[in-house]
Amino acid sequence: RMAADDSGNGPSIEAPNGGVAQQLDTTATSDLAITKTNSATSSVPGTQTTYTIVVSNAGPSAALGATVSDILPATLTNATWTCAASAGSSCGQASGSGNINTTVDVAANGTVTFTLKGTVSSTATGSLTNTATVTPATGTTDPTPNNNTATDTDTLTPSADLSITKTNNVTTVTAGAQTTYTIVATNNGPSAVTNSLLTDVMSDKLMAVSWTCTASSGSSCASASGTGSVNVMVSLLANGTATLSIT
């Protein structure tokens, strides 16, 4: 039969002669682990990436109320995620947006899988690093806690489809008359570009040439105006433009 133990060590089994035959261990032991990958070593700013996060439990006890967290970097935007569990396991939330911060129940030899999708900021540079962690609930012992954190790092490789148009909207000009050209440089993305050189060497038949440069919101021209041939740096967001007016 059960007997109380005033030592604070938890319940015990009382032997027939009144002695204590066995002390019960009420601590759950769950060997949790987590992995995270987007199956790539590089990402292009301005494109979507998908991470797969798998929480597993090698047992021997079920892991109840374990916390899974993934604080996303600022360069990963518009993130959404879903959660699916193997038989006998469960997700505290089936889906969400932004950071992951939820609990899971993972049966012995069970898994819980998160699928997280987000867009890499078009202006991001350097690398994209993202870490996910699983933490056992209070009262659960994890014998190998060193595999409770997983990090995925991608090198960021910007890619931008630049295009340019130029017209003065006529097919003939009169000698001695003024003409105005409009040049539009466009970044079709997906990544932003910084300090792209925009040039236009003027014909010796054009005299007293002056120009202005204006950019769409978030983009910029290093010089707002100039004379003679154009040689100006422009920085363009994805889908941004820089417009030169040459007279």
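The structure this text deals with has already been given above.
The rules behind each value
Residues numbered from 1 in each chain as written. Predicted model: local features only at pLDDT ≥ 70, side-chain atom pairs only at ≥ 80, totals over all residues. Heavy atoms only, no water. Salt bridge = Lys/Arg side-chain N within 4 Å of Asp/Glu carboxyl O. Helix = DSSP H or I, 4+ residues; strand = E, 2+ residues; numbered from the N terminus. Buried < 20%, exposed > 50% of the residue type's maximum accessible area, 1.4 Å probe, protein only. Disulfide = S-S within 2.5 Å. Core = buried A, V, L, I, M, F, W, Y, C linked by side-chain atoms within 4.5 Å. Contact = heavy atoms within 4.5 Å. Polar contact = N/O pair within 3.5 Å; in protein donor to acceptor, adjacent residues only side chain to side chain. Pairing = 2+ DSSP bridges.

(A) Structural view of the pattern of salt bridges. On inspection of all chains with the given rule, the structure shows two salt bridges. Across the pair Lys36 and Asp70 runs a salt bridge, and its minimum N-O distance is 2.4 Å. Residue Lys36 is found in strand S4 (residues 28–37), and its partner Asp70 is found in strand S7 (residues 63–70); the two are separated by 34 residues along the sequence. Note that Lys166 is salt-bridged to Asp200, the shortest N-O span being 2.6 Å. Of this pair, Lys166 sits in strand S16 (residues 160–167) while Asp200 sits in strand S18 (residues 193–200); the two residues are 34 residues apart in sequence, bridging distant segments of the chain. We classify Asp200 as buried; its relative accessible area is 11%.

(B) Geometry of the state of the cysteines. Applying the stated rule across the entire model yields two disulfides. Here Cys213 connects covalently by a disulfide to Cys221, the sulfurs 2.0 Å from one another. Between Cys213 and Cys221 the disulfide shows an S-S torsion of about -65°. By sign, it is left-handed. Sequence-ordered numbering of the disulfide-bonded cysteines in the protein gives the connectivity 1-2, 3-4.

(C) How the structure looks around the nonpolar core. Counting residues in each nonpolar core, the largest one holds 26 residues, and the members touching the most others are Ile34, Val55, Val68, Phe114 and Leu116. Apart from residues no more than four positions distant in its own chain, Val68 is found in contact with Ile34, Val55, Ile100, Asn101, Thr102, Val104, Phe114, Thr133 and Val134. Core analysis: the next-biggest nonpolar cluster, separate from the first, contains 16 residues, Ala185, Met202, Val209 and Val230 among them.

(D) Representation of unusual backbone geometry. With an omega dihedral of 10°, the bond running from Gly59 to Pro60 counts as a cis peptide bond. Each neighbour pair has its own omega, and for Gly189 with Pro190 the value is 10°, a cis peptide bond. Among the secondary structure elements, Pro190 is positioned in strand S17 (residues 181–190). Its identity as a non-glycine residue notwithstanding, Asn109 has a phi of 65°, on the positive side. Within the element layout of this structure, Asn109 appears in the loop between strand S11 (100–106) and strand S12 (111–120).

(E) Local environment of the environment of Asn148. By the element assignment, Asn148 lies in the loop between strand S14 (140–141) and strand S15 (149–156). Owing to a relative accessible area of 5%, Asn148 belongs among the buried residues under this scheme. Distance in space between the C-alpha atoms of Asn148 and Ala33 is 4.9 Å, their sequence separation being 115 residues. What Asn148 contacts, discounting residues up to four positions off in sequence, is Leu32, Ala33, Ile34, Ala132, Thr133, Val134, Pro136 and Asp142. Looking at Asn148, its side chain comes within polar contact range of the side chain of Asp142, at 2.9 Å.

(F) Molecular detail of the sheet that holds S18. Spatial strand order, S18-S22-S20: three strands in an open sheet with antiparallel pairing. Taken across any chain shown, the strands that pair with only one partner, and hence form the sheet edges, are S18 and strand S20 (220–221). As paired elements, S20 and strand S22 (residues 230–236) share two bridges and run antiparallel to each other. Its bridge partner being in S22, Ser220 is matched across the sheet by Ser235.

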